[in-house]
Amino acid sequence: MRIYRSFFISFLLIFTISGSLYGQKFKFSVHGALVLAQVDGDKLRGFSKIGYNAGIQGGYRINASSEFIVAQGFSSFGSKGSNKSIKRPDDYFIEINMVTANLLFAYAHYLNTGWSGESKFRLFTGIKIHQVLSNDYSLSYNSFEENPPVMIEDFRDRFLGIYLGAGYLVASNLYLDLSFEHSLSNILEDSPINTVAKSLNPYHISIGLNFYL
């Protein structure tokens, strides 16, 4: 309950600050994106897991080419097997479905300005804090193996990710954004029960729209 309360307060702060100072240096936007995800350590290939990212964003325009961004969102990502063939006794793979509430702190740099005075291209980088809301996984291994080659006990409640991206102004106040995010830490707790899969690090590519109000 405390998690939801803190994120609700963050939402109100972003909305209030951006709304009250709208037309000055603060801007408010909503965003949504399709996510193609994968996890290092799951023994699966390809970006087969499809998820989403949606939320709100507040930005402070430092000057014509720089902006500080705070965004709150909800994301779904993980990993999914496209080839589930397990041949050797010690083979395994892990499928993960994770949902997080998150806060992004980022810096955006606008590269050039179009005829309308709006910047057409932008690059951004930042740190995203994830709070895990739900985390399901399934472990598959060769049935001829007496004991599973990997065991997982607990996932961490929160983790950090590095966020990189680029955007293009496709219409007035509407950006098409392409981004990449990779966790900066293992999402597994340190535990002797976590055998073989000592580290799981999610990462994903997303493409979406960001509309400034």
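Scroll up a little and you will see the structure.
Numbering of residues begins from 1 in every chain and follows the order in which that chain's sequence is written. Restriction of local features to residues with pLDDT of at least 70 applies here, the model being predicted, together with a cutoff of 80 or more for giving and counting side-chain atom pairs; totals for whole chains, interfaces and linings are based on all residues. Where side-chain values are given, they derive from all heavy atoms of the structure, hydrogens and water being excluded.

**Some words on the pairing of strand β7 (residues 174-183)**
By the alternation rule, side chains of β7 split into Tyr175, Asp177, Ser179, Glu181 and Ser183, which are all buried, and Leu174, Leu176, Leu178, Phe180 and His182, of which none is buried. Summarising the sheet, strand β6 (residues 158-171) and β7 pair through 10 bridges and their orientation is antiparallel. Within the sheet, the bridge partner assigned to Gly161 lies in β7 and is Ser183. From the end of β6 to the start of β7, which pair antiparallel, there are 2 residues, and Asn173 there has a positive phi angle of about 70 degrees. Whether two strands pair depends on DSSP finding at least two bridges between them. Helix and strand labels come from DSSP, where a helix needs a run of H or I of at least four residues and a strand needs a run of E of at least two; each type is numbered from the N terminus. Here 9 bridges tie β7 to strand β8 (residues 201-212), and the two strands are oriented antiparallel to one another. By the bridge assignment for β8, Leu178 is matched with Ile207. Burial classes: relative accessible area under 20% of the type maximum marks a residue as buried, over 50% as exposed, and values in between as partly exposed (1.4 Å probe, protein chains only).

**Describing the pattern of salt bridges**
Basic side-chain nitrogens of Lys or Arg form a salt bridge, by our definition, when they fall within 4 Å of a carboxyl oxygen of Asp or Glu. Evaluated as defined, the whole model comprises 2 salt bridges. The partner of Arg122 in a salt bridge is Asp177, with the nearest N and O atoms 2.9 Å apart. One end of the pair, Arg122, is in strand β5 (residues 119-141); the other, Asp177, is in strand β7, with 55 residues separating them in the sequence. In this pair, the class of Arg122 matches that of Asp177, namely buried. For Glu181, the salt bridge is made with Lys128, and the minimal N-O distance between the two is 3.6 Å. Pair noted here: Glu181 is in strand β7 and Lys128 is in strand β5, with a separation of 53 residues, a long-range link. What makes Glu181 buried here is its relative accessible area of 3%. On the basis of relative accessible area, Lys128 is assigned to the buried category, the value being 4%.

**Details of the environment of Ser29**
Considering the arrangement of structural elements, one finds Ser29 in strand β1 (residues 26-40). Expressed as a C-alpha distance, the spacing of Ser29 and Asn210, which sit 181 residues apart in the sequence, is 6.6 Å. Note on definitions: a residue-residue contact is assigned when non-hydrogen atoms from the two residues lie within 4.5 Å. Setting aside chain neighbours within four positions, we find Ser29 in contact with Ile56, Gln57, Asn210, Phe211, Tyr212 and Leu213. At a separation of 2.8 Å, a polar atom in the side chain of Ser29 contacts the side chain of Asn210. N or O atoms within 3.5 Å of each other form a polar contact, as long as, within protein, one can give a hydrogen and the other can take it, and as long as residues adjacent in sequence are counted only when both atoms are side-chain atoms.

**Regarding the packing of aromatic side chains**
Planes of paired rings set the category: under 30 degrees apart is stacked, over 60 is edge-to-face and the rest tilted, where pairs are Phe, Tyr or Trp rings (Trp by its six-membered ring) whose centres lie within 6.5 Å. As enumerated under the stated definition, the model contains 6 aromatic pairs in all. Considering the side-chain rings of Phe124 and Tyr163, the 5.9 Å spacing of their centres and the 20 degrees angle between planes classify their relative orientation as stacked. Here the residue Phe124 occupies a position in strand β5, and Tyr163 occupies one in strand β6, the gap between them amounting to 39 residues. The pair Phe124 / Tyr163 is uniform in exposure class, with both members buried. For the pair Phe180 and Tyr203, a centre-to-centre distance of 6.3 Å together with 50 degrees between the ring planes defines the contact as tilted. Within this pair, whereas Phe180 is found in strand β7, its partner Tyr203 is found in strand β8, the two being separated by 23 residues in sequence. On the basis of relative accessible area, Phe180 is assigned to the partly exposed category, the value being 31%. Among the residues examined, Tyr203 registers a relative accessible area of 15% and is labelled buried. Counting every residue linked through ring pairs, the aromatic cluster contains Tyr110, Tyr175 and Tyr212.

**Things to note about the nonpolar core**
Most often, soluble globular proteins have nonpolar side chains that are buried together. Among buried residues, those of type Ala, Val, Leu, Ile, Met, Phe, Trp, Tyr and Cys that are joined through side-chain atoms within 4.5 Å constitute a nonpolar core. In terms of nonpolar packing, the biggest core is built from 14 residues, with Phe77, Ile96, Met98, Phe159, Ile187 and Leu200 touching the most fellow members. When contributions to this core are tallied by element, the ones reaching two or more residues are β1 and β4 (92-113). Ranked by residue count, the leading element in this core is β4, at 4 residues. In this view, Met98 contacts Ser75, Ser76, Phe77, Val132, Ser134, Asn135, Phe159 and Ile187; residues no more than four positions away in its chain are not counted. With 11 residues, the next largest nonpolar core counts Ile69, Ala108, Tyr110 and Tyr163 among its residues.

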